[in-house]
Amino acid sequence: MPDYLGEFEQIVLLAVLRLGDSAYGVPIRQEIEERAGRKVTIGALYATLDRLEAKNYVTSWFSEPTPERGGRSKRYFRVQPAGAEALARAKSMLDSMWNGVRLKGEHGA
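What counts and what doesn't
- Counting restarts for each chain: residues are numbered from 1 in the order of the written sequence.
- Local features are withheld for residues below a pLDDT of 70 in this predicted model, meaning they are given only at 70 or higher, and side-chain atom pairs are given and counted only at 80 or more; totals for whole chains, interfaces and linings count all residues.
- Remark: hydrogens and water are excluded; side-chain values derive from all non-hydrogen atoms of the structure.
- Comment: elements are numbered from the N terminus, with helices defined as DSSP H or I runs of at least four residues and strands as E runs of at least two.
- The globule rule used for comparison is 2.2 Å times the number of residues to the exponent 0.38, while the radius of gyration itself is calculated over C-alpha atoms.
- The criterion used for residue contact is that any of the two residues' heavy atoms lie within 4.5 Å.
- With residues, only the protein chains shown are counted as cover, and all accessible areas are computed by Shrake-Rupley using a 1.4 Å probe.
- A side-chain nitrogen of Lys or Arg and a carboxyl oxygen of Asp or Glu constitute a salt bridge if their distance falls within 4 Å.
- Three labels apply to residues, based on accessible area from a 1.4 Å probe with only protein chains included: buried if under 20% of the type maximum, exposed if over 50%, partly exposed otherwise in between.

- Going by what an unreviewed UniProt entry lists, the protein chain is known as Helix-turn-helix transcriptional regulator and is assigned to Paludibaculum fermentans.

Below is the structure:
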């Protein structure tokens, strides 16, 4: 039975996909806040990224420490094929559910 993604998991995976090789904590958070208009705590973001990694939907690795970051390294993320497949399933399910639905006030409804 396939695992279904929650809304925030979908948003995080989409942000990681959009950022490509630049996907680490701060830009992922900014991408979500700018595109989704949703405030995100760094703790909630990393908890979600850790959960997605446990499901093999993303992988992560650490960069070399940099002086600009006080000797700290960045943790980068990349979406794995299983994560892309989970996103496609979620989109297909939502498209199917929305197909034919009219909201009140939309298109004369």
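**Looking at the overall build of the protein chain**
Part 1 of the argument: Summing up its helical and strand segments, the protein chain has four helices and two strands in all.
Part 2 of the argument: Helices (α) and strands (β) of the protein chain occur, in sequence order from the N terminus, as α-α-α-β-β-α.
Part 3 of the argument: For a compact globule of 109 residues, the expected C-alpha radius of gyration is about 13 Å, and the protein chain comes in at 17 Å, more than 25% above that figure.
Part 4 of the argument: For the C-alpha atoms alone, the extent of the protein chain along its principal axes is close to 60 × 35 × 20 Å.
Part 5 of the argument: Residue pairs at least 24 apart in sequence account for 51% of intrachain contacts in the protein chain once pairs closer than 6 positions are excluded.
Part 6 of the argument: Surface accessibility of the protein chain: about 7200 Å² in total, with carbon and sulfur atoms responsible for 53%.

**Comments concerning the pattern of salt bridges**
Part 1 of the argument: What the rule picks out here adds up to 11 salt bridges.
Part 2 of the argument: Where R75 meets E53, a salt bridge forms, and the shortest distance between an N and an O atom there is 2.8 Å. With a gap of 22 residues between them, R75 in strand β2 (residues 75-79) and E53 in helix α3 (residues 42-54) connect regions that are remote in the sequence.
Part 3 of the argument: The exposure class assigned to E53 is partly exposed, which follows from its relative accessible area of 22%.
Part 4 of the argument: Put simply, D95 and K91 hold a salt bridge, and the shortest N to O gap is 2.7 Å. On the criterion of helical spacing, the pair formed by D95 and K91 is a turn pair, its members being four residues apart in helix α4 (residues 81-98).
Part 5 of the argument: By relative accessible area, which is 43% here, D95 ends up partly exposed.
Part 6 of the argument: With relative accessibility at 51%, the residue K91 sits in the exposed group.
Part 7 of the argument: Salt bridges here are not isolated pairs; linked through shared partners, they connect D3, E9, R51 and K55.

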